[in-house]
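Residue strings, one per chain:
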2 protein chains.
Amino acid sequence: MLSQADQIITTLKSRGLRVTPQRFAVYANLLGRCDHPTADDILSDLNQDAPTSSQATVYSSLQALRGANLVREVLLEEGVCRYDANIGPHHHFRCQGCGAIADIPWETLSSLNLQTLSPHWQIEGYEVTVRGLCDRCQVG
Amino acid sequence: MLSQADQIITTLKSRGLRVTPQRFAVYANLLGRCDHPTADDILSDLNQDAPTSSQATVYSSLQALRGANLVREVLLEEGVCRYDANIGPHHHFRCQGCGAIADIPWETLSSLNLQTLSPHWQIEGYEVTVRGLCDRCQVG
DNA sequence: CCTAAAATCTAGAATTATTATAAAATCAGA
DNA sequence: TCTGATTTTATAATAATTCTAGATTTTAGG
């Protein structure tokens, strides 16, 4: 029975990544979150209780994790990249009021038929971005 | 029978925008394109034959056009915002090889049932991002 | 046509997110 | 423990975008 720490270490190693305290911390942070943090969000969180990583290393660790397909980027906001350890197919809801982003399970919107798109494209997947207002931003 | 230039002018006025050569040029440029240019792409294009606009003004014009719902942003690439004068609902294909972006007509992927999402959300729309390889990036 | 007020443009400075860099530190296998 | 390769660090650099104050332009009314 592996602890979560051991699982993370095993996972990093299995993807050919050297296990450093910073990579561990970044990945553990992302695995423990439901939101989609920016690099700066992660940095602040990591260094909350103890100096864990430099800013450059957070970026570097994120790139390594992305290269290993353990983390993906989420482009739903201008000017900044957000990250997600949930790399399985899923969709997003984006609130147009406050900007909040929520995950939508894959199956919920998995009924699209992509066969009729262009015969020139080799389709590998899709995701849906739903826009609207979250409950806090709705008026009356 | 209005010329295209007159149509653009009328459109800008109808949206409460002052008609300046720069706004006209930016909007005309976007209307004449099928791709999704960056602000810099637009700037280079505009100033190709004659000095038309400064960089700051291209950004400013794009913001004004967006505020008037004549132009929308497209967030499919890290680090840069792309723009589109096609503001009707439509979807995008994104090539994972070269990064090319293509429009997909709305009706093609309009069959999603959003009723089963969260009762807390007031849904206003959705768009689908399809990923794959374009014909040029596919190998043999 | 003129005028004036408001809006917009300009060009360079400033800001922000991210990447580059060279030296120091660390990882992991022998 | 040693060692070579990799990673981290802190700062500089870069690129996309916004800010700013003075100059210029638009536009409505006379």
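Quick caveat: nothing in here was measured; it's all calculated off a predicted structure. (Residues numbered from 1 in each chain as written. Chains lettered and ligands numbered in written order. Predicted model: local features only at pLDDT ≥ 70, side-chain atom pairs only at ≥ 80, totals over all residues. Heavy atoms only, no water.)

Draft legend 1. Spatial organisation of the protein's contact with DNA strand D. Within the structure, DNA strand D sits among 19 residues, and A:Thr20, A:Arg23, A:Thr57, B:Arg18 and B:Tyr59 are positioned closest to it. One of the side-chain N or O atoms of B:Gln63 is found 3.5 Å from a phosphate oxygen in DNA strand D. Listed by contribution, the elements that provide at least two residues to the surface near DNA strand D are helix H2 (21-31) and helix H4 (55-67) of chain A together with helix H4 (55-67) of chain B. Ranked by the residues each element gives to the surface near DNA strand D, the list is headed by H4(B), at 4 residues. Across the surface near DNA strand D, the residue classes break down as 7 nonpolar, 9 polar and 3 charged. (Near = heavy atom within 4 Å. Polar contact = N/O pair within 3.5 Å; in protein donor to acceptor, adjacent residues only side chain to side chain. Helix = DSSP H or I, 4+ residues; strand = E, 2+ residues; numbered from the N terminus. Nonpolar A, V, L, I, M, F, W, Y, C, P; charged D, E, K, R; others polar.)

Draft legend 2. Layout of the packing of helix H2 (residues 21-31) of chain B against H4(B). All names here are of chain B. At a minimum axis distance of 9 Å, the contact between H2 and H4 shows a crossing angle of 70°. Considered as vectors, H2 and H4 are oriented roughly perpendicular to each other. Touching Gln22, Arg23, Val26, Tyr27 and Leu30 of H2 are Thr57, Val58, Ser61, Leu62, Ala64 and Leu65, all from H4. Broken down by class, the residue content of the contact of H2 with H4 amounts to 7 nonpolar, 3 polar and 1 charged. (Axes fitted to C-alpha atoms, helices over the stretch in contact; angles between N-to-C directions. Parallel < 35°, antiparallel > 145°, perpendicular 65-115°, else oblique. Contact = heavy atoms within 4.5 Å.)

Draft legend 3. Layout of the protein's contact with DNA strand C. Inspection of the region around DNA strand C gives 20 residues, with A:Arg18, A:Val19, A:Tyr59, B:Thr20 and B:Arg23 positioned closest. At a separation of 2.9 Å, a phosphate oxygen of DNA strand C approaches a polar backbone atom of A:Cys81. B:Arg18 is positioned with one of its side-chain polar atoms (N or O) 3.2 Å from a sugar or linking oxygen of DNA strand C. Mapped onto the surface near DNA strand C, the elements with two or more residues apiece are H4 of chain A together with H2 and H4 of chain B. Residue classes in the surface near DNA strand C are distributed as 7 nonpolar, 10 polar and 3 charged.

Draft legend 4. Spotlight on the packing of aromatic side chains. Summed over the entire model, instances satisfying the criterion amount to 4 aromatic pairs over all chains. Taken together, a centroid distance of 4.9 Å and an interplanar angle of 50° make the contact between A:Trp106 and A:Tyr126 tilted. With A:Trp106 in the loop between strand S4 (101-105) and strand S5 (122-133) and A:Tyr126 in strand S5, the pair connects residues that are 20 residues apart, well separated along the chain. On the basis of relative accessibility, which here comes to 24%, the residue A:Trp106 falls in the partly exposed class. Judged by centre distance (4.0 Å) and plane angle (5°), the ring pair of A:Trp121 and B:Phe93 falls under stacked. Here A:Trp121, found in the loop between S4 and S5, pairs with B:Phe93, found in strand S3 (residues 90-95), and the two come from separate chains. Each member of the pair, A:Trp121 as well as B:Phe93, carries the same accessibility label: buried. (Phe/Tyr/Trp six-rings, centres within 6.5 Å; stacked < 30°, edge-to-face > 60°. Buried < 20%, exposed > 50% of the residue type's maximum accessible area, 1.4 Å probe, protein only.)

Draft legend 5. Highlighting the environment of B:Ser14. Residue and element names in this part refer to chain B. Tracing the backbone through its elements, the reader meets Ser14 in helix H1 (residues 4-14). Here Ser14 falls in the exposed class, since its relative accessible area comes to 55%. Separated by 88 residues in the primary sequence, Ser14 and Ala102 have C-alpha atoms spaced 30 Å apart. Among the polar contacts made by the side chain of Ser14, one reaches the main-chain carbonyl oxygen of Thr11 at a distance of 2.7 Å.

Draft legend 6. The UniProt feature "binding site: Zn(2+)" (unreviewed entry) in chain A, seen in detail. Residue and element names in this part refer to chain A. The residues that UniProt annotates with the feature "binding site: Zn(2+)" (unreviewed entry) are Cys95, Cys98, Cys134 and Cys137. Across 43 residues in sequence, these annotated residues keep their C-alpha atoms within 8.2 Å of one another, forming a single compact spot. Residues from the named set that contribute to the lining of the largest pocket are Cys95 and Cys98. Examined against the element boundaries, Cys98 turns out to sit in the loop between strand S3 (90-95) and S4. Look past the residues within four positions of Cys98 in its chain and what remains in contact with it is Cys134, Arg136 and Cys137. (UniProt positions renumbered as here; feature names shortened; annotations may be inferred. 1 Å grid on protein atoms, 1.4 Å probe; cavity = no way out; pocket = protein on both sides within 12 Å on 5 of 7 lines; lining within 4 Å.)

Draft legend 7. View of the packing of helix H3 (residues 39-46) of chain B against H4(B). Residue and element names in this part refer to chain B. Where H3 meets H4, the axes come as close as 10 Å, and the angle between the chain directions of the two elements is 120°. With respect to their mutual orientation, H3 and H4 come out oblique. Regarding H3 and H4, the two cross each other, and that crossing is right-handed. Of the residues in H4, those in contact with Ala39, Asp40, Ile42, Leu43 and Leu46 of H3 are Gln55, Val58, Tyr59 and Leu62. In terms of residue class, the contact of H3 with H4 is built from 7 nonpolar, 1 polar and 1 charged. (Left-handed = near helix turned anticlockwise from the far one by under 90°.)

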